[in-house]
Structure formats: structure tokens, C-alpha cells
Amino acid sequence: MSLPEIVTRADWRAARAALLAKEKAATRARDALNAERRGLPMVEVDKEYVFEGGDGKATLLDLFEDRDQLVVYHFMFAPEWDAGCRSCSAFLDQIGHLAHLRARGTAFAAVSRAPYPKILPFKARMGWTLPWYSSYVSDFNADFEVTLEHEGELVERPGLSCFLRDRERVFHTYSTYERGLDGIGSTTSLLDLTALGRQEPWEKPEGRATALGAPGGSEGVRYHDEYED
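*Asks:* I tried to follow unusual backbone geometry on my own but got confused; where do I start?
*Replies:* Excluding glycine, residues mostly carry a negative phi; peptide bonds, for their part, are mostly trans. Of the consecutive residues Lys204 and Pro205, the connecting peptide bond is found in the cis state with omega at -5 degrees. Tracing the sequence through the fold places Pro205 in the segment after helix H6 (187–191). Positive phi is not limited to glycine here, since Glu151 has a value of about 50 degrees. With respect to the helices, strands and loops of the structure, Glu151 is situated in the loop between strand E7 (147–150) and strand E8 (153–156). A relative accessible area of 73% means that Glu151 is categorised as exposed.

*Asks:* Mind showing me how you'd approach the pattern of salt bridges here?
*Replies:* Between side chains of opposite charge, a pair can form when the charged atoms approach closely. Applying the stated criterion to the full structure yields 13 salt bridges. As a salt-bridge pair, Lys47 and Asp139 come within 3.1 Å of each other at their nearest N and O atoms. Taken together, the positions of Lys47 in the loop between strand E1 (43–44) and strand E2 (51–53) and Asp139 in the loop between strand E6 (132–134) and helix H5 (140–143) put the pair 92 residues apart, joining distant regions of the chain. For Lys47, a relative accessible area of 37% gives the class partly exposed. Accessibility expressed as a relative area gives 42% for Asp139, which makes it partly exposed. Between Arg102 and Glu65 there is a salt bridge, with the nearest N and O atoms lying 3.8 Å from each other. Taken together, the residues span a long stretch of sequence, with Arg102 in helix H3 (residues 99–102) and Glu65 in the loop between strand E3 (56–58) and strand E4 (69–74) at a distance of 37 residues. On the basis of relative accessible area, Glu65 is assigned to the partly exposed category, the value being 28%. Counted as one network, the salt bridges with shared partners bring together Lys47, Asp139 and Asp143.

*Asks:* Looking at this structure, how should I read helix H4 (residues 116–126)?
*Replies:* The α-helix advances 3.6 residues per turn, and as a result positions three or four apart in sequence lie on the same side. Where H4 is concerned, the buried positions are Tyr116, Ile119, Phe122 and Lys123. Across the axial projection of H4, the buried residues extend over an arc of 125 degrees, all falling on one side. Counted as exposed and oriented over 90 degrees from the buried face of H4: Pro117, Ala124 and Arg125. On its buried side, H4 packs onto E2, helix H2 (86–93), strand E5 (106–112) and E6. Where H4 ends, the next residue or the one after it, Gly127, has phi of about 75 degrees, a positive value.

*Asks:* Looking at this model, I keep getting lost on a nonpolar patch on the surface. Mind explaining?
*Replies:* There is a patch of nonpolar side chains on the surface, built from Val50, Tyr136 and Val137 and spanning about 280 Å² of accessible area. Mapped onto the elements, Val137 comes out in the loop between E6 and H5.

*Asks:* Looking at this structure, I do not really get the packing of aromatic side chains. What am I missing?
*Replies:* Any two aromatic rings considered together are summarised by their centre-to-centre distance and by the angle between their planes. Under the defined criterion, the tally for this structure stands at 16 aromatic pairs. On the numbers, 5.7 Å between centres and 55 degrees between planes, the contact of Trp128 with Trp132 is tilted. Note on Trp132: relative accessible area 2%, which makes it buried. Aromatic rings pair up to connect Tyr73, Phe75, Phe77, Phe91, Phe122, Trp128 and Trp132 into one cluster. The ring of Tyr174 carries the charged tip of Arg37 above its face, separated from the ring centre by 5.0 Å. Over the ring of Tyr177 we find Arg157; its NZ or CZ atom is 3.9 Å from the centre of that ring.

What counts as what
Residues numbered from 1 in each chain as written. Predicted model: local features only at pLDDT ≥ 70, side-chain atom pairs only at ≥ 80, totals over all residues. Heavy atoms only, no water. Helix = DSSP H or I, 4+ residues; strand = E, 2+ residues; numbered from the N terminus. Buried < 20%, exposed > 50% of the residue type's maximum accessible area, 1.4 Å probe, protein only. Salt bridge = Lys/Arg side-chain N within 4 Å of Asp/Glu carboxyl O. Arc of directions from axis to C-beta. Contact = heavy atoms within 4.5 Å. Patch = residues over 30% accessible without salt bridge, like charges linked within 9 Å, V, L, I, M, F, W, Y side chains within 5 Å. Areas by Shrake-Rupley, 256 points an atom, 1.4 Å probe, with all protein chains shown as cover. Phe/Tyr/Trp six-rings, centres within 6.5 Å; stacked < 30°, edge-to-face > 60°. Lys NZ or Arg CZ within 6 Å of the ring centre and 35° of its normal.

Scope: geometric values only; no functional claims are made or implied.
What follows is the structure, given as C-alpha cells:
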């Protein structure tokens, strides 16, 4: 195994300072990219999708749980499979406590094409409590390009889609797939993909920081059992 070069503490500090400058530049570039993402237009979802979850049938609007935003993780689980995708399972394992997303008016749900009776025992095996729905009886997976036809067969790919609602109207704001999921899983990384972002005063475009009436930055963070739902 190749290991890093061994140097003095002074040499390490110099190398670390040089790398830190690049890391800060990458942070500023990421902030600019996130702002550009929040500036994307959105398209209304006027198709009626039917999902099945723990409470029975649900619409896409139901998945919002009366919140303003929804992040959907497209979990690879085809109807003929006996278990969900290993990589998708590792992704869900790293999702933090949903209270922090919900405090920003954002719901999270996994959606798979497998029938719900197959999802339920696998979800229990993994010990997950987050919302997970079956899109088996709808075109949701195909329409959001996570179930594709290849050489006459249906194939699955992982993805993540963000939605925003205005009363009863639902809008699709963003989607990413495969390598676009790298580095995503924390609360802030998920919020950075949404139209409202982290809702902090320094974010661009202006006017979205107080959209949900929640303080931004460290002032808005609570222990997960202290948030008012």
C-alpha cells in the first residue's frame, strides 16, 4: 500500500495551508453552483401519480407531509428483486435524522418500483423508519428517468429529485443521477439541491431565507427532539 510522504510538522503545515486555499476556493465555487441551481426554472407536475406506503394509497402531494418541499430518493428495487440495491441501501444508511430537514419545511421519502409488500420486510430488516413508497402502479420511475428501457429490458438507476409546492400545485425543480449523488446525504447537502436551499440570509437569490420563517445557520439548529413540528 502506498502511504503519504513523511515530513516535519512545519512542512506539513505549509502543505496544509496550500491545500486550504484550494479548499476555500472550492467552497466558494460550490456556493456559486448552489445559487445557480436555485435559479433553475421549475415545471409543474400535472400528472396524477399513485404510490403505496404505510398508510395505503398516496399522491405525490401526500408525500410532502404538508411541508413546502420534498426530496425523493429513487431507490433501486425492481419488482422482481428479492432485496433492494446494496449501494442504495448504503446511501439511505447515511441519511441523518429527518427532524433537521423537516425544520426547514422539507420532507424526505424513498420511492421504488417494487410492490410495497416487498419493500416493507426489507425496510424492517434494514431498521429504517424514514418514509418509503412503492411506485409500482404508476409511471413515476419512467417519467423521472430512473427506470429506463435498454435493449428491450427495464433497468434501474439511482437518482434524487426535488419538488416544491404552492398550495395544491406541485413543481419539479431538480434531479440528479448516479455520480451526481456523490457526497450527498447530510442535511445541508440535501437542502443545497432544493429550490429554497438552506434558507440562510447569505444565500442567493435573495428572498428565500425567511420563506419558511425559520432562522438560518447555527441559530436554527436544535437537538432533533427540540424542534416544533
